[in-house]
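Chain and residue survey
The lines below spell out each chain.
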Amino acid sequence: MGTSEVILVGVDGSKESFAAVKWAAERSKLRSCRLHIICTYAVASYAAATLDGGYAVLYDAALKEGALTFVKKSVDVAMA
């Protein structure tokens with residue numbers, strides 16, 4: 001890769017976000033640049049405040065696992 005340019009695309013699990021990944025992957029190949037795929041998540045502050053600490057950790061772990069699933073699927077879409 002001869003450039004430091006990066007195309008950044010976010011995914012949320014929707015078919016539209018996976019279409020965005022496909023578009024971004026095609027553009028990154030055309031421009032010979034890196035592709036970064038992200039998915040963000042957060043435990044809502046009201047949920048964390050009302051939950052026992054143990055439940056908040058479990059909730060956070062489930063959200064993180066879901067986000068990682070979307071990113072992994074996006075990598076497959078980008079590589080196709």
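One can find the structure itself at the top, above this paragraph.
Scoring rules and cut-offs
Residues numbered from 1 in each chain as written. Predicted model: local features only at pLDDT ≥ 70, side-chain atom pairs only at ≥ 80, totals over all residues. Heavy atoms only, no water. Helix = DSSP H or I, 4+ residues; strand = E, 2+ residues; numbered from the N terminus. Buried < 20%, exposed > 50% of the residue type's maximum accessible area, 1.4 Å probe, protein only. Contact = heavy atoms within 4.5 Å. Core = buried A, V, L, I, M, F, W, Y, C linked by side-chain atoms within 4.5 Å. Pairing = 2+ DSSP bridges. Salt bridge = Lys/Arg side-chain N within 4 Å of Asp/Glu carboxyl O. Polar contact = N/O pair within 3.5 Å; in protein donor to acceptor, adjacent residues only side chain to side chain.

Moving on to the overall build of the chain. Summing up its helical and strand segments, the chain has three helices and two strands in all. Counted from the first residue to the last, the chain has its helices and strands arranged as β-α-β-α-α. Counting over 80 residues, the chain shows a buried share of 21%. Within the chain, counting contacts between residues at least 6 apart in sequence, those at least 24 apart form 71% of the total.

The next subject is the nonpolar core. Considering soluble globular proteins, one finds that nonpolar side chains tend to be buried as a cluster. Among the nonpolar cores identified, the biggest contains eleven residues, and these are I7, V9, V11, V21, A24, A25, C33, I37, C39, A67 and A78. Sequence-distant contacts of I7, defined by excluding residues within four places in its chain, comprise A24, R27, S28, R31, C33, R34, L35 and H36.

What follows concerns the pairing of strand β2 (residues 34-38). Consecutive side chains along a regular strand alternate between the two faces of the sheet. Summarising the sheet, strand β1 (residues 6-10) and β2 pair through five bridges and their orientation is parallel. Looking at the pairing, L8 lines up with H36 of β2.

Quick look at the pattern of salt bridges now. In this structure the tally under the stated criterion is two salt bridges. The closest approach of N and O atoms between E5 and R31, which form a salt bridge, is 2.9 Å. Separated by 26 residues along the polypeptide, E5 in the segment before β1 and R31 in helix α1 (residues 15-31) bring together distant segments of the chain. Since its relative accessible area comes to 28%, E5 is described here as partly exposed.

Right, let's get into the side chain of S74. Here S74 shows up in helix α3 (residues 53-79). Setting aside its immediate chain neighbours within four residues, S74 contacts V11, F18, V21 and I37.

Secondary-structure assignment places S17 in helix α1. In this structure the side chain of S17 is engaged in a polar contact, spanning 3.4 Å, whose partner is the backbone nitrogen of G13. When sequence neighbours within four positions are dropped, the list of residues in contact with S17 reads G10, V11 and D12.

Keep in mind that these numbers describe shape and distance, not what the molecule does.
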